[in-house]
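Results of the structural survey
Chain by chain, the residues run as shown.
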Amino acid sequence: MINMFDDTYFMKKALQEAEEAFNKGEVPVGAVIVVDNRIIARAHNLTETLNDVTAHAEMQAITAAANFLGGKYLQDCTIYVTLEPCQMCAGALYWSQISKLVYGAKDEHRGCGALGTKLHPKTEVIEGVLSEEASALLKRFFIEKRNLN
């Protein structure tokens, strides 16, 4: 199939999800999962809304995509996430056998790369797509949060 969309297109969709999280007072991280140039899952952080530390954007998206596909493996799928996945989310991505991970902003302290967390050996990783936009949204969120406290 010809790829009519590029990584930037889908990362913009993930950024829309991050904006939705921002508007709800959640840490602004968004994710979409794509197969054959079709978005099959959209999600954003819901840890505050659900009072659940595991309700990260990636976890929500993995569950939605698995339900859509009718199986637990996300082979031939790509996840676009605005922030480098944490150790928990990287582990879930490992077990889902996702084919490709594309993320925007790097998380120097809690990201899977900084912690040495392994992804599935067949998972391709592309980092830094729209990283400035993703970083700016996160910075804006935390500046506003500090000013409210």
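Conventions adopted
- Residues numbered from 1 in each chain as written.
- Predicted model: local features only at pLDDT ≥ 70, side-chain atom pairs only at ≥ 80, totals over all residues.
- Heavy atoms only, no water.
- Helix = DSSP H or I, 4+ residues; strand = E, 2+ residues; numbered from the N terminus.
- Buried < 20%, exposed > 50% of the residue type's maximum accessible area, 1.4 Å probe, protein only.
- Contact = heavy atoms within 4.5 Å.
- Lys, Arg positive; Asp, Glu negative; His and termini not counted.
- Charge placed at Lys NZ, Arg CZ, Asp CG, Glu CD.
- UniProt positions renumbered as here; feature names shortened; annotations may be inferred.
- Axes fitted to C-alpha atoms, helices over the stretch in contact; angles between N-to-C directions.
- Parallel < 35°, antiparallel > 145°, perpendicular 65-115°, else oblique.
- Left-handed = near helix turned anticlockwise from the far one by under 90°.
- Nonpolar A, V, L, I, M, F, W, Y, C, P; charged D, E, K, R; others polar.

Moving on, we come to the overall build of the chain. Counting its regular elements, the chain contains 6 helices and 5 strands. When its helices and strands are written in sequence order, the chain yields α-β-β-α-α-β-α-β-α-β-α. Seen along its three principal axes, the alpha-carbon backbone of the chain occupies a region of about 50 × 30 × 25 Å. For the chain, the proportion of its 149 residues judged to be buried stands at 45%. Of the contacts formed within the chain by residues at least 6 apart in sequence, a portion of 58% connects residues at least 24 apart. Charge-centre separation for the chain: the mean point of 15 positive side chains lies 2 Å from the mean point of 19 negative side chains.

Our next topic: the UniProt feature "binding site: Zn(2+)" (unreviewed entry) in the chain. In the UniProt entry, the feature "binding site: Zn(2+)" (unreviewed entry) is given for His56, Cys86 and Cys89. In sequence the annotated residues extend across 34 residues, while in space they remain close, none of their C-alpha pairs exceeding 9.2 Å. Structurally, His56 is set in the loop between α2 (47-50) and α3 (57-69). On the basis of relative accessibility, which here comes to 21%, the residue His56 falls in the partly exposed class. Not counting residues up to four positions away in its chain, the partners in contact with His56 are Asn45, Thr47, Cys86, Met88 and Cys89. Turning to its location among the elements, Cys86 is positioned in the loop between β3 (78-83) and α4 (87-96). Residues contacting Cys86, with those up to four places away along its chain left out, are His56, Glu58, Arg110 and Cys112.

Take unusual backbone geometry next. Positive phi, close to 60°, is recorded for Asn37, a residue that is not glycine. With respect to the element layout, Asn37 can be found in the loop between β1 (30-35) and β2 (38-44). One non-glycine residue, Gln97, lies in the positive phi region at around 60°. Examined against the element boundaries, Gln97 turns out to sit in the loop between α4 and β4 (100-105).

Here we come to the packing of α3 against α4. Helix-helix packing: each pair is described by the crossing angle between the helix axes and the interaxial distance. Remark: α3 packs on α4, axes separated minimally by 9 Å, with the N-to-C direction vectors making an angle of 20°. Comparing the axis directions of α3 and α4 gives the class roughly parallel. α3 and α4 meet at a crossing whose hand is left-handed. Residues Glu58, Met59 and Ile62 of α3 form the contact with α4, whose own contacting residues are Met88, Cys89, Ala92, Leu93 and Ser96. Taken together, the residues of the contact of α3 with α4 break down into 6 nonpolar, 1 polar and 1 charged.

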